[in-house]
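# Tertiary structure, described
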Amino acid sequence: MSNLNTNIVNEDANELLEGQAQVFNHLFGFVHSLAIKSAVELRIADIIHSHGQPMSLSHLASKLESASPDVPCLARLMQLLAWNNIFTVDYNRKPTSKDEGEALYGLTPTSRWLLHDNELSLAPMFLTFTHPSMMAPWQEIGRSIKEGGTAFEKAYGESIWEKGSKDDEFNKLFNTGMVSVTKTILDAILSGYKEGFSKLEGTLVDVGGGIGKAMANIVEAHPHIKGINFDQPHVVATAPRFQGITHVWW
Ligand SMILES: C[S@@+](CC[C@H](N)C(=O)[O-])C[C@H]1O[C@@H](n2cnc3c(N)ncnc32)[C@H](O)[C@@H]1O
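Since the model is a prediction, treat every value here as computed from it, not as a measurement.

## Overview of the UniProt feature "domain: O-methyltransferase C-terminal" (unreviewed entry) in the protein
Per the UniProt record, the feature "domain: O-methyltransferase C-terminal" (unreviewed entry) sits at residues 138-242. Annotated as residues 138-242, this span is 61% helix and 10% strand, and its ends, taken at the C-alpha atoms, are 35 Å apart.

Laid out in structure tokens, this is it:
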């Protein structure tokens, strides 16, 4: 303690104070991603999107799947999300409608990626990677560094793939999150490598292709390609059938 006091006297006090603020920022860093998770669970982006224009808090609350939503709590959530540019907020609107005088919350390019009812949605990925079962291993990084072994194995005593093979819910959670990422990047792959795919002859194998969505989209765009989706048995077991794709496992 006396050392710290001596340092405070000797060092630039402002810099030190800034350091303290940074510590608090990082301490509560998880709040930002979990606030977005709550918005995804509550389908807030979808509600605003269906309304077709920015909405007031009371209007938003009335559309939640809840008979008695906690509006002050929703207000705090929306303020944080607007501060992080997940939603827009307009405090200066003209009081003309039933939302009289209330701030209006709207979508941003970020929250458009969080719409559930959208083919290109990152909502499933968000729900996967903020799920308690996926966050537990992050608690174990220190132990993994000290003792060796992955943080996931420290948390569960088995690898992520072993857990997926025994726990159907976890398997589904992981695969659903993966598909949502794949869909969003596949258009870029298809247009960037269009010539390569069209010149390709024979068979294309996606090794570790999950439930095969990437290969399905490639074969759909280039039907002359014979597609093989290769993954683990418990992953392939949940894969849908896709035209022109053979699922293979070891
Ligand atoms: C990060 S995920 C990517 C999934 C998919 N490529 C996508 O983009 O959605 C890694 C994939 O590798 C698979 N995988 C891991 N080890 C494997 C193995 N030994 N044999 C086959 N697939 C494996 C997993 O089951 C998982 O589906």
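Now, onward.
## Focus: unusual backbone geometry
Its identity as a non-glycine residue notwithstanding, Arg43 has a phi of 60 degrees, on the positive side. Inspection of the secondary structure puts Arg43 in the loop between helix H3 (29-42) and helix H4 (44-51). Residue class for Arg43 comes out partly exposed when judged on its relative accessible area of 34%. For Asn85, which is not glycine, the phi dihedral falls at a positive 60 degrees. For Asn85, the location among the structural elements is in the loop between helix H6 (71-83) and strand E2 (87-90).

## Some thoughts on the pairing of strand E5 (residues 226-231)
Where strand E4 (residues 203-207) meets E5, five bridges bridge the pair, whose relative direction is parallel. By the bridge assignment for E5, Val205 is matched with Ile228. Between the parallel elements E4 and E5, the chain passes through helix H15 (residues 213-221) in a crossover that is right-handed.

## Some details on the site of the ligand
Contacts to the ligand come from Trp161, Met178, Thr182, Gly208, Gly209, Gly210, Phe230, Asp231, Gln232, Val235 and Trp250. Coverage of the ligand by the protein amounts to 68% of the 590 Å² it exposes when considered alone. More than half of the atoms of the ligand fall within 2 Å of the grid points belonging to the largest pocket. At the level of secondary structure, the elements contributing two or more residues to the shell around the ligand comprise helix H13 (168-192) and E5. A breakdown of the residues in the shell around the ligand according to their chemical character gives five nonpolar, five polar and one charged.

## Some details on the nonpolar core
Within the largest apolar cluster, 27 residues are counted, with the highest numbers of intra-cluster contacts made by Ile44, Ile48, Leu74, Met78, Leu81 and Phe87. Look past the residues within four positions of Phe87 in its chain and what remains in contact with it is Ala39, Ile44, Ala45, Ile48, Met78, Leu81, Ala82, Gly106, Leu107, Thr108 and Ser111. The next biggest cluster of nonpolar side chains, apart from the first, holds 12 residues, and it includes Leu190, Phe197, Leu204 and Met215.

## Here we look at the side chain of Thr130
Among the secondary structure elements, Thr130 is positioned in the loop between helix H8 (123-129) and helix H9 (132-135). Given a relative accessible area of 7%, Thr130 falls into the buried group. Polar contacts involving the side chain of Thr130 include one to the main-chain carbonyl oxygen of Phe126, which spans 2.6 Å. Filtering out sequence-adjacent residues up to four positions away, Thr130 remains in contact with Ser33, Leu34, Lys37 and Met135.

Quick notes on the rules
- Residues numbered from 1 in each chain as written.
- Predicted model: local features only at pLDDT ≥ 70, side-chain atom pairs only at ≥ 80, totals over all residues.
- Heavy atoms only, no water.
- UniProt positions renumbered as here; feature names shortened; annotations may be inferred.
- Helix = DSSP H or I, 4+ residues; strand = E, 2+ residues; numbered from the N terminus.
- Buried < 20%, exposed > 50% of the residue type's maximum accessible area, 1.4 Å probe, protein only.
- Pairing = 2+ DSSP bridges.
- Right-handed = clockwise from strand over helix to strand, strands pointing away.
- Near = heavy atom within 4 Å.
- Areas by Shrake-Rupley, 256 points an atom, 1.4 Å probe, with all protein chains shown as cover.
- 1 Å grid on protein atoms, 1.4 Å probe; cavity = no way out; pocket = protein on both sides within 12 Å on 5 of 7 lines; lining within 4 Å.
- Sits in = over half its atoms within 2 Å of the grid points.
- Nonpolar A, V, L, I, M, F, W, Y, C, P; charged D, E, K, R; others polar.
- Core = buried A, V, L, I, M, F, W, Y, C linked by side-chain atoms within 4.5 Å.
- Contact = heavy atoms within 4.5 Å.
- Polar contact = N/O pair within 3.5 Å; in protein donor to acceptor, adjacent residues only side chain to side chain.

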